[in-house]
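# Summary of structural features
These are the residues of each chain, in order.
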Amino acid sequence: MKHSAANGESHTLAALTRSPEYGARLIEILPAIGDAPTTEVAVDLFRQATVQLGADAGVFMSYLRDDATRASYRSLLACDPLWASEYARRNWHDHDPWLRHATHETEPVRSSELQLTSANEEAFVQASAALGFASAVIAPAPTCAGQSRIGVLCLGSHRQGFFEDDGYGKVRVLARSLSMELHRWLLQAIRKELLAKSRLTAADIELLRHEEAGHTSKVIGAALNIEAKTVDCRFQRISAKLDAPDRRTAMRIARLYGLL
């Protein structure tokens, strides 16, 4: 199947989405993305999915923000690497209307539907347009963590107005599914990294679950048949592993990164 944006052909989005083949290959790709064994495989599948949707470019961004000390920003790219370089160089993270939309909304939108709130956001849109996002679809990946854990997929076309066509309805549904699977993969990768770095044990995570439930050291000690002061000592070690100032913060970090 040939796609207009990816192959420079003259088909419209409406023509693409009317094809009985449209979306069929993507349905095969989606489950494989969520379970991709490596970053390279995940990115390759993401690129394939971007092409299947008729887009020229794609980027998935994830932002995790702890209540206290840490934030993690990650991205998967199926676009011109210059876009990512410019994003970092210009500190676009603070002036990104796509990310702003995903922070407050759950519904996919077209870039033309976003109201820009500053000159910096306008500059972001203009620069992104020159790098494959002249027309774009922004699909948030909602999570139970609210604004502390944000994911957003952005699909782009070099052609102005490409996603304004009648075929957008199908793109919107498929983009939402792709966004959720990409976020699933990225969260799994981040969770594995944290576990490897912190060396948390199953017993550590069990203690953090007690903290999440609001149990005191005395209650936890009784449940585990150990003294309350031993519980406190173990929480101190866990907090150190997670570079957290206290056990409550350690629990929030573990929850944010999907360990609980």
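Conventions adopted
- Sequence order as written defines the numbering, with residues in each chain counted from 1.
- Per-residue local features are limited, in this predicted model, to residues with pLDDT of at least 70; the limit for side-chain atom pairs, both in listing and counting, is 80 or more; totals at the level of whole chains, interfaces and linings are taken over all residues.
- Calculation of side-chain values draws on the structure's entire complement of heavy atoms; hydrogens and water are dropped beforehand.
- Only the six-membered ring of Trp is used, alongside the rings of Phe and Tyr, when aromatic pairs are assigned; centres must lie within 6.5 Å, and planes under 30 degrees apart are stacked while those over 60 apart are edge-to-face, with the rest tilted.
- Labels follow the DSSP assignment, with helices taken as runs of H or I lasting at least four residues and strands as runs of E lasting at least two, numbered in each case from the N terminus.
- Relative accessibility decides the category of a residue: with a 1.4 Å probe and only protein chains considered, values under 20% of the type maximum give buried, values over 50% give exposed, and everything between is partly exposed.
- Contacts described as polar in this section are N or O atom pairs within 3.5 Å, which, within protein, must combine one atom able to donate a hydrogen with one able to accept it, while residues neighboring in sequence count only if both atoms come from side chains.
- Residue contacts are defined here by distance: any two heavy atoms, one from each residue, within 4.5 Å place the two residues in contact.

## Comments concerning the packing of aromatic side chains
The description of an aromatic ring pair rests on the distance of the ring centres and on the angle between the ring planes. Here the structure, examined in full by the defined rule, presents ten aromatic pairs. Ring plane angle 50 degrees and centroid distance 5.9 Å describe the contact between Trp-83 and Phe-133, whose orientation is recorded as tilted. Placement of the pair is Trp-83 in helix H5 (residues 81-89) and Phe-133 in helix H7 (residues 119-133), with a sequence separation of 50 residues. A ring pair is formed by Trp-98 and Phe-124, whose centres lie 4.8 Å apart and whose planes are at 80 degrees; its orientation type is edge-to-face. With Trp-98 in helix H6 (residues 97-104) and Phe-124 in helix H7, the pair connects residues that are 26 residues apart, well separated along the chain. Note on Phe-124: relative accessible area 0%, which makes it buried. Following the ring pairs from residue to residue traces out a cluster consisting of Trp-83, Tyr-87, Trp-92, Trp-98, Phe-124 and Phe-133.

## Observations regarding unusual backbone geometry
Outside of glycine, negative phi angles account for most residues, and trans bonds account for most peptide bonds. The phi angle at Arg-199 is positive, at roughly 60 degrees, despite the residue not being glycine. For Arg-199, the position within the fold is in the loop between helix H8 (168-198) and helix H9 (202-212). A positive phi is found at Asn-225, a non-glycine position, where the angle reads about 60 degrees. When you line up the elements, Asn-225 lands in the loop between helix H10 (217-224) and helix H11 (228-241).

## Quick look at the side chain of Ser-62
With respect to the secondary-structure elements, Ser-62 resides in strand E1 (residues 57-65). In this structure the side chain of Ser-62 is engaged in a polar contact, spanning 3.5 Å, whose partner is the side chain of His-183. Excluding anything up to four places from it in sequence, Ser-62 contacts Ser-72, Tyr-73, Arg-74, Ile-150, Gly-151, His-183 and Leu-186.

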